[in-house]
Amino acid sequence: MPLLDEILNYNESFVEEKAYEPYQTSKLPDKRMVVVSCMDTRLVELLPRSMNLRNGDFKLIKNAGAIISHPFGSVMRSILVAVYELSADEVFVIGHHQCGMNSIEPQKMIGHFKERGISNDTINTLKHSGVDLEKWLSGFNSVEESVRNSVDMVRNHPLLPDDVPVHGLVIAPDTGKLDLVVDGYDR
């Protein structure tokens, strides 16, 4: 059975049995916070549990590496929406040890693009349009430094109010231990 069919079949039962009821909450976060985290599969349940967070407590933004790479990109827009429209009062940027973005090799990934049918013409068009694929696909050497950089981008954003603390942490994906990198209350 294809994955989509499996999901839709399960969903039909989920709704019929009202299995959604324990997850019902409002769109506003009870703990008034927004978390930017990596999309790593090990963190899906571990991160919220390690922070004593439940469904409805926080807004969650996930991407590769918990990297905020552009001050006017979708991650920063989501943070601003959470603060201005959804009652978030604090921001947490949480990277993790053993992150795949620490070891990503842009040239290797570009090779994968080509293996999957992306033409050299497409890659060259992007290059000649000002897109530096190697830079865009680059990760980081230190998760702590990456978290600091992302915290700085959020903290110094011209549209973020000064009274919103921006914290930086790193989680161990094997134990859930959180290490403080930036205390947003120390400004």
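Because the structure is a prediction, the values reported are computed rather than measured.

### Remarks on the overall build of the protein chain
Link 1 in the chain: Tallying secondary structure elements over the protein chain gives seven helices and five strands in all.
Link 2 in the chain: For the protein chain, the succession of helices and strands along the chain, N to C, is α-β-α-β-α-β-α-α-α-α-β-β.
Link 3 in the chain: Viewed in the frame of its principal axes, the protein chain has a C-alpha envelope of about 55 × 50 × 35 Å.
Link 4 in the chain: A buried classification covers 37% of the 187 residues belonging to the protein chain.
Link 5 in the chain: Sequence-distant contacts, at least 24 apart, represent 75% of the contacts inside the protein chain between residues at least 6 apart.
Link 6 in the chain: About 11,900 Å² of surface is accessible on the protein chain, with carbon and sulfur atoms providing 51% of the total.

### Some remarks on the sheet that holds strand 4 (residues 166–171)
Link 1 in the chain: The strand order across the open sheet formed by five strands is 2-1-3-4-5, and the pairing between neighbours is mixed. Two strands close off the open sheet at either side, each with one partner strand: strand 2 (58–63) and strand 5 (178–182). The sheet shows a mean angle of 25° between the axes of neighbouring strands, direction not considered.
Link 2 in the chain: Looking at chain direction, strand 4 and strand 5 are connected through four bridges and run antiparallel.

### Focus: the environment of Gln 24
Link 1 in the chain: Positionally, Gln 24 belongs in the loop between helix 1 (3–16) and strand 1 (33–38).
Link 2 in the chain: On the accessibility criterion, Gln 24 (55% relative accessible area) is exposed.
Link 3 in the chain: With 32 residues separating them along the chain, Gln 24 and Gly 56 place their C-alpha atoms 8.0 Å apart.

### Overview of the nonpolar core
Link 1 in the chain: Counting 40 residues, the largest nonpolar core has Ile 79, Val 91, Ile 94 and Val 154 as its most contacted members.
Link 2 in the chain: Mapped by element, the contributors of at least two residues to this core are strand 1, helix 2 (43–50), strand 2, helix 3 (74–85), strand 3 (90–96), helix 7 (143–155), strand 4 and strand 5.
Link 3 in the chain: For this core, the element with the most residues is helix 3, which contributes six residues.
Link 4 in the chain: When near neighbours in sequence (up to four residues on either side) are disregarded, Ile 94 contacts Val 35, Val 36, Ser 37, Cys 38, Leu 47, Met 51, Ala 66, Leu 169, Ile 171 and Leu 178.

### So, unusual backbone geometry
Link 1 in the chain: The residue Ala 66 is not glycine, and still its phi comes out positive at about 55°.
Link 2 in the chain: Along the polypeptide, Ala 66 turns up in the loop between strand 2 and helix 3.
Link 3 in the chain: The class of Ala 66 is buried, set by a relative accessible area of 2%.
Link 4 in the chain: Phi at Gln 98 is positive, roughly 60°, even though this residue is not glycine.
Link 5 in the chain: You can see Gln 98 is positioned in the loop between strand 3 and helix 4 (106–115).

Conventions used here
Residues numbered from 1 in each chain as written. Predicted model: local features only at pLDDT ≥ 70, side-chain atom pairs only at ≥ 80, totals over all residues. Heavy atoms only, no water. Helix = DSSP H or I, 4+ residues; strand = E, 2+ residues; numbered from the N terminus. Buried < 20%, exposed > 50% of the residue type's maximum accessible area, 1.4 Å probe, protein only. Contact = heavy atoms within 4.5 Å. Areas by Shrake-Rupley, 256 points an atom, 1.4 Å probe, with all protein chains shown as cover. Pairing = 2+ DSSP bridges. Axes fitted to C-alpha atoms, helices over the stretch in contact; angles between N-to-C directions. Core = buried A, V, L, I, M, F, W, Y, C linked by side-chain atoms within 4.5 Å.

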